[in-house]
Amino acid sequence: SDMAGLCVRSVLVTGANRGIGLGLVRQFLGMPNPPEWVFAACRDPKGQRAQELQNLASRHPNLVIIPLEVTDPASIKAAAARVGEQLGGSGLNLLINNAGIAKMNSLDNETLENMMQVYTTNTVGPLLLSQACLPLLKKAAQGSLGSALSCSKAAIINMSSSAGSIEEVYLWNYGHVVSYRCSKAALNMLTKCQSLGYRQHGVLCVALHPGWVQTDMGSAGSQKPPVTVDESVQGMLKVLSSLTEKETGTFLDWEGKVVPW
Ligand code: NDP
């Protein structure tokens, strides 16, 4: 009922084979009014790492597993084309740029290679995939009634982090992760730019902090994160269902609170 307002016909989630991405896919499939198509993108759809997605797909014919390596522009183009094919004439309502990596380095041992790899994955990937999906998002926006922005119409959700908030610098003592913080601060700026550029096309754009979540990434240090994947995803879907024109270009957390840039 929390998600009653979220009525998505099609959604594409990246990094969908584990962690928060897999949790998102599970909860979309479990909705009382599930999407007609849930596109779960991952690097190796046929491999062992996608086992859970394969199990889900055997029970849910509306789940389509799509190969996607977000650091490879050709793979991004192919994934968008594959989604478009499956959708036939209709558009894509929701793109969730969730795939991401973190390198647990300190300020002193960050390297060019880390900086580039993390930026390419966390920032450039979402830029290029959003570009590639824009025609499909536009189509969804045009095909829906009314002009008000919403996730049920067309939206890009970028999975960011309070670690990239310049005001919060969340969990600094837990890890410097400079490459990660810079990539998410840049992703936040990308989100703002997308909101300005895509508003005219009816596409809402928001950056989300999922909380500190019990996933491989969240649990990489010695402490146990406080938030489960299910709690985080449930919170974020509730937030998505509530987004309007007012929130496009903002940075929110999984409980709907504004995160300072
Ligand atoms: P995980 O490490 O558990 O999962 C990361 C996912 O991203 C995996 O599916 C992984 O696929 C995929 N991925 C990584 N690199 C690529 C790539 N080059 N191409 C395609 N897919 C890729 O992370 P979480 O689930 O915890 O994180 C999801 C998002 O949430 C990230 O953007 C992260 O920064 C953000 N976040 C997480 C927090 C947390 O506490 N967990 C806190 C704040 C933000 P593969 O299995 O192939 O590696």
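These notes cover the structure that comes with them. Worth saying up front: this structure is predicted, and the values here are computed from it rather than measured. (Residues numbered from 1 in each chain as written. Predicted model: local features only at pLDDT ≥ 70, side-chain atom pairs only at ≥ 80, totals over all residues. Heavy atoms only, no water.)

**Focus on the overall build of the protein**
- Counting its regular elements, the protein contains six helices and seven strands.
- Shown N-terminal to C-terminal, the secondary structure of the protein runs as helices and strands in the order β-α-β-α-β-α-β-α-β-α-β-α-β.
- For the protein, whose C-alpha radius of gyration is 17 Å, the value lies close to the compact-globule estimate of 18 Å for 261 residues.
- For the protein, the spread of C-alpha atoms along the three principal axes comes to 50 × 40 × 35 Å.
- Expressed as a percentage of the 261 residues in the protein, the buried residues total 53%.
- The long-range fraction of contacts in the protein, counting pairs at least 24 apart against all pairs at least 6 apart in sequence, stands at 73%. (Helix = DSSP H or I, 4+ residues; strand = E, 2+ residues; numbered from the N terminus. Rg over C-alpha atoms; globule rule 2.2 N^0.38 Å. Buried < 20%, exposed > 50% of the residue type's maximum accessible area, 1.4 Å probe, protein only. Contact = heavy atoms within 4.5 Å.)

**Considerations on the sheet that holds strand β2 (residues 37-42)**
- Strand order in the open sheet formed by seven strands is β3-β2-β1-β4-β5-β6-β7, and the pairing between neighbours is parallel. Every interior strand has two partners, whereas the edge strands, β3 (63-67) and β7 (251-253), have only one. Recorded for the sheet is a direction-independent mean angle of 20° between the axes of neighbouring strands.
- As judged from the five bridges shared by β2 and β3, these two strands associate in the parallel manner. Pairing of Ala41 across the sheet is with Ile66, part of β3. (Pairing = 2+ DSSP bridges. Axes fitted to C-alpha atoms, helices over the stretch in contact; angles between N-to-C directions.)

**Examining the packing of helix α1 (residues 19-29) against helix α2 (residues 51-59)**
- Contact geometry for α1 and α2: axes closest at 11 Å, N-to-C directions at 10°. Looking at the two axes, α1 sits roughly parallel to α2. Counting all contacts with α1, which are made through Leu22, Val25, Arg26 and Leu29, the residues of α2 involved are Glu52, Leu53 and Leu56. (Parallel < 35°, antiparallel > 145°, perpendicular 65-115°, else oblique.)

**Focus: the nonpolar core**
- In terms of nonpolar packing, the biggest core is built from 41 residues, with Val25, Phe28, Leu94, Ile96 and Leu240 touching the most fellow members.
- In contact with Leu94, other than residues within four places in its own chain, are Val8, Ser10, Val11, Leu12, Phe28, Leu137, Cys151, Ala155, Ile157 and Leu240.
- The next biggest cluster of nonpolar side chains, apart from the first, holds 27 residues, and it includes Ala41, Ile66, Val70 and Leu136. (Core = buried A, V, L, I, M, F, W, Y, C linked by side-chain atoms within 4.5 Å.)

**A word on the site of the ligand**
- Lining the immediate environment of the ligand, one finds 30 residues, of which Asn17, Arg18, Glu69, Tyr180 and Thr215 sit closest.
- In the model, an oxygen atom of the ligand is placed 3.0 Å from a nitrogen or oxygen of the Arg49 side chain.
- Here an oxygen atom of the ligand and a side-chain polar atom of Lys184 are 3.0 Å apart.
- With the chains in place, 95% of the 900 Å² that the ligand exposes on its own is no longer accessible. (Near = heavy atom within 4 Å. Polar contact = N/O pair within 3.5 Å; in protein donor to acceptor, adjacent residues only side chain to side chain. Areas by Shrake-Rupley, 256 points an atom, 1.4 Å probe, with all protein chains shown as cover.)

**Topic: the pattern of salt bridges**
- What the rule picks out here adds up to seven salt bridges.
- The salt bridge involving Glu52 is made with Arg26; its shortest N-O contact spans 2.5 Å. Here Glu52 is found in helix α2, whereas its partner Arg26 is found in helix α1, with 26 residues between them in sequence.
- Under the relative-accessibility criterion, Glu52 is labelled partly exposed at 40%.
- The class for Arg26 is partly exposed, based on a relative accessible area of 35%.
- The residue Lys257 makes a salt bridge to Glu255 at a minimum N-O spacing of 3.2 Å.
- Relative accessible area serves as the criterion here: at 48%, Glu255 is assigned to the partly exposed category. (Salt bridge = Lys/Arg side-chain N within 4 Å of Asp/Glu carboxyl O.)

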